[in-house]
Structures are given as C-alpha cells and as structure tokens.
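So you can see what is in the structure, the chains are spelled out below.
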Amino acid sequence: MDPTEPELPGDAQALRPPPIVPSEADTQGHSAGGDSGTMSRDTEVDMKEVELSELEPEKQPMAAAAEKNGLVKAKALAGGPEPEAAAKFTGLSKEELLAAAGGRGWARARAALLVLFWLGWLGMLAGAVAIIVRAPRCRPLPEQPWWHRGPLYYVGDAHAFQGGAGHLADLRERLDYLSALKVKGLVLGPIHKNRKDDLAGTDLQLIDSTLGSREDFDSLLLAAKKKSIHVVLDLTPNYQGQNSWFLPTQVNDTAAKVKEALSFWLEGGVDGFQVRDVEKLKDAPSFLAEWENITKSSSKDRLFIAGTNSSNMQQLLSLLESTQDVLLTSSYLSSPSPTGEHMKFLVNQYLNISAGRWCSWSVSQAGLLTSFVPSQLLRLYQLLLFTLPGTPVFSYGDELGLQAASLPGQPAQAPVMPWDTSSLPDASGSVGANMTVKSQSEDPASLLSLFRRLSDQRGKERSLLHGDFHALSAPPGLFSYVRHWDQNERFLVVLNFGDLRQSATLGASGLPATASLPPQANLLLSTHPGRKEGASLELGALSLEAHEGLLLHFPYEP
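Residues numbered from 1 in each chain as written. Predicted model: local features only at pLDDT ≥ 70, side-chain atom pairs only at ≥ 80, totals over all residues. Heavy atoms only, no water.

- Per an unreviewed UniProt entry, the chain carries the name 4F2 cell-surface antigen heavy chain and comes from Heterocephalus glaber.

What to know about the packing of aromatic side chains
Stage number 1. Enumeration according to the criterion identifies 20 aromatic pairs in this entry.
Stage number 2. Chaining the aromatic ring pairs together yields one cluster made of Tyr153, Phe161, Tyr177, Tyr396 and Trp419.
Stage number 3. Its guanidinium or amino end placed over the ring of Trp419, Arg174 lies 3.9 Å from that ring's centre, counting from NZ or CZ. (Phe/Tyr/Trp six-rings, centres within 6.5 Å; stacked < 30°, edge-to-face > 60°. Lys NZ or Arg CZ within 6 Å of the ring centre and 35° of its normal.)

Overview of the sheet that holds strand β14 (residues 478-484)
Stage number 1. Spatially, 6 strands are ordered β13-β14-β15-β20-β17-β18 in an open sheet, and the strand pairing comes out antiparallel. Edge positions in the sheet fall to β13 (468-472) and β18 (536-538), since each of these pairs with one other strand and no more. Averaged over all adjacent pairs, the angle separating strand axes in this sheet is 35°, with direction ignored.
Stage number 2. Pairing analysis gives 6 bridges linking strand β15 (residues 490-496) to strand β20 (residues 549-554), with the strands arranged antiparallel. Looking at β20, one finds that Leu492 is bridged to Leu552.
Stage number 3. Across the face of the sheet, helix α15 (residues 378-387) comes into contact with β14, β15 and β20 while running at roughly 145° to β15. (Pairing = 2+ DSSP bridges. Helix = DSSP H or I, 4+ residues; strand = E, 2+ residues; numbered from the N terminus. Axes fitted to C-alpha atoms, helices over the stretch in contact; angles between N-to-C directions. Contact = heavy atoms within 4.5 Å.)

A short note on the packing of helix α13 (residues 313-320) against helix α14 (residues 340-354)
Stage number 1. Following both chains from N to C, one finds α13 and α14 inclined at 30°, their axes separated by 12 Å at the closest point. Here α13 is positioned roughly parallel relative to α14, judged by the angle of their axes. Two packed elements cross with a definite hand, and for α13 against α14 that hand is right-handed. Only Gln349, Tyr350 and Ile353 of α14 make contact with α13, whose side of the interface consists of Met313, Leu316, Leu317 and Leu320.
Stage number 2. Looking at the contact of α13 with α14 residue by residue, the class counts come to 6 nonpolar, 1 polar and no charged. (Parallel < 35°, antiparallel > 145°, perpendicular 65-115°, else oblique. Left-handed = near helix turned anticlockwise from the far one by under 90°. Nonpolar A, V, L, I, M, F, W, Y, C, P; charged D, E, K, R; others polar.)

Comments concerning the pairing of β15
Stage number 1. β15 sits mainly inside the fold: 7 of its 7 residues count as buried.
Stage number 2. Covered by surrounding structure in β15 are Arg490, Leu492, Val494 and Asn496 together with Phe491, Val493 and Leu495, the residues of both alternating faces.
Stage number 3. Sheet topology places β14 next to β15; 6 bridges connect them, and they run antiparallel. Within β15, the residue paired with Tyr481 across the bridge is Val493.
Stage number 4. Hairpin remark: β14 followed by β15, antiparallel, with 5 residues in the connecting loop; positive phi at Asp486, about 50°. (Buried < 20%, exposed > 50% of the residue type's maximum accessible area, 1.4 Å probe, protein only.)

Here is the structure:
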C-alpha cells in the first residue's frame, strides 16, 4: 500500500476492490503514448469512482438524483445512464385553482347551495315567528319597591329585643337572625330623646343616650344595608307620654318638629319613617300627605307608615284619602272570635275599597299577635298574613308566639325576647324553654320554622308576591282563596277557623278560566303535623282538622 494513501476503516477496507495490475500491453502502450507515470483516461475515471465509493458518507459531495445516502448506484458504477428523479406532487397553483373555480359546473353548485341555505334559514325564521305569535303573551311585571317583596319587622323597644339589656350597637348582632326570617324592613323605635309630655324637652333629631349614640345608629344603618335590610325610623313624638302628639294646642309645633326631623334623617340615610296613633293627630290626612311628599322627595324608594288603633273602615279610608303610597297598620283584622265568614268579609271589603292600592296586613299597629289572636289560631294567622296580597307586618316575637309581659295591676310592658334560656326572665313563668329562639330553630315543627318557610315561599313566588286574589265560596267556618299570576304556579289557601274537623267543598264559579281549580293539587305545607307534604290531594274530597290551614299549589294550564 502506498504509504501516502489514507488508512480507511475496516468496513471500507473490506469493500476495497483488488488493485488493478496493468498488463504488459497496457504498459507498453502507455510507454508508447509518451505519457509516462499516468493511467489511461478511462482507467483514471474508474479509479476515482471507486475512491468516491470508499469515502465516508458524510464526506461525499451532494450528487444528483442518482445518488442515495452518499453511495453511487450500481448502474452509475457500471457506467450506465442515471435514472430520472422521482416526480414530486405540487398541486395546483393559485391561478389554476381560480381558473377551475370559475368553471360553469362549480358556479352552479355554489348557487344551489346558497339557495338551499337561505331557504332553510327563512324556514326556521318563519317557524320561530309562528311559535311566538301563537304563544300566550307574558303579563308585564309590576313595579315593586322593597317593601313589596317581604315582611316588615317592628322592634319598638330595643332594650327588650336585646334580651332586656342592650344598645343600638348590640342590635347589629341580630341582623343575621332577621336575614334568616327574610325580613325586608326593620321598623325601629322610637329611639329619639323624649321627655314625657314635654314638647320643649323632646328632640326628634337626637338619639336617647340610654340607647346609644349617633355613631352607633350610623353603624347599624351601614350593617343593615350590607344585608339588604332597610331601616324605617319611628318618629312618634311623645312616645313616653300620655298623648303621642302632645296637647291639641301644640299640634302645629309638633308637626313642625316632625317635618324638620324627616329631612334630617333622610340625609342620614334612613329608608323610611313611621308614626303611630295618627287618629289622635288633628287634621291627620293633610299632615300625612305632607310628610309623605317629603319622604318621597329624596327617592321613590322611601317608605312612610302610619299606624292607628282604629279598626273602622271609614276611619281608615279617611286617613289615606290624601296619600298615594302610605302603608297603614291598624287593628282591622283583629277580632275576639274570628270566623271564616267574617275574615272573608273583612279581606274582600278592604281590597275592594282600596281599589288596587298596595295594602299592608297586621292585627295591630304595635302589639303582639298573641294579644289579639287565640293561641290555637297563631299558625293560621301567619299563613293568612303571608299569602294575602300586600305587605305583612309583624312585631318582634310574633314568629315565636311571644306573649306580652305584665304584672298584676300594671300595664303590659314590652316582653323580653327569649333568645335562649339565659335570657328568660327570672320572675316570669309565661315563657318556657321551648319558646326560645334557640329551641324553636332546632324544631322543624315549631312556629318559628313555619314563619321562616312562609316568608321564604312568599319571597320567591310571583303569584304570592303580586298575584291576583280570588276568594272562593266555602262552607261555614272556612276561608279559601286562590293566588295566581300570569303563567306561574297557582296557590290555593284553605283556612279552617272552626273548632271542628270540616270538609272543604270549594266553589270556583268566579274564577277566570286561566285560574280554574284542577281535580287535584299538591300540598306545600300544613299548619298541623301529620300531613304528608308533596302529596296530591283530591280537591273534591278535601277535609281540614280544627284550626288547620293548608297551602296547596298546582301548575298553570293554558
């Protein structure tokens, strides 16, 4: 081997062809040609090809299509012609595609597809229009301020409501309880400074120091707003005296103080006002109209409540004749011996005379339910107040069946709210451990649990919020009515005020066709235990226990 020749790897050496030894004739011919020390041109080419094949693949130059992985094909080594490179698919160019798309066949296909698309779209549009036209139109929802959407809760004595000891600052801790009751408005007070029967010593813009400070009240307002509870402030002037409005000769001075206080507390952020015993106020209708205008001047979302002890319908109407949106709490529904027939008369009369005016329902302007309603009818009254068209108004403790505290020979005092056994009065045996908020909250059959369920149901059902009211004919002792709104769930209320079990044969001749009674209705709740809630009841064979109330529901059927 030529020492100058580079050494090849073992594999390359194995492929090395044997050396070509020139023949004598070739040697002679070469010498004769005069090219000493060189090979013929053909032999030289063959040797270069052999050397090329022996090089490492990465060191070989790029060849034409006849080379693959740096190796020369056999045909090339043999001196044959190189094969043609494989043809590559490149597709149509943009110009060729445009030319093809402009053909007559493609144009017709596109036109056909476009026509089919628009025909389908127009068909769906026509179907949607037909459904909308044939469907019943939805009844527009009425405007509902906050006091239409839930009950009002009156706390007249902040000390008693706190369990006998507490201030306005402590009242914030009870806001979660009010939220659980779905209360929309807290009617508070009076809490202003009042020297008994002394107009000069009464300041409607100053908070009684025994209850707290202005800062405490502002903090309560802020905390209540965060929980969507509106605060209504009671401004009854002489609430600690004999006459709530002082002397008749002082009526103008008293009214002027009320007027100034309204503007003052509106700027302070309260959501409304209440005054009580307005039947004792000389020229009450004109004053109520003026105070309502002041209250509404800052916002229509402000409420004005007037309270009276009267239960006479004509007197009630005279108090409201000059106002537009004043709520009136009264003793209108209170009765020593209520019956189904009498309750039906009272409700129908009030709704008819009110002529579409939003109503409020209570048994007193400030007293407890237990002071006017027999204990066996407390559940019935809760069901009644929550399902009539209007705002139910309760005093604190009504949800528990709390009774007024009194000592022999002394007037009744505000009862202490029994939050738990630790807050029960030591000297009073009228409140048992089962009457506390804690114990009733844990009992699903308690009066408090019923109150919560009714308040929740009223707040989420349109038929109970603002639905139409239709009283049904019923046997003596029963009061029954239907609440319905547009295409929403309908509700049937049946109340037995009697002392005996009674069958309920209901007459629905006055109902509109869209609210007619079905053969069966589902039981939502009963004021008595033992009923299976959710059960389907035959309305033609319905019977109620003594003092039982039923709330049933059935779907809308066009």
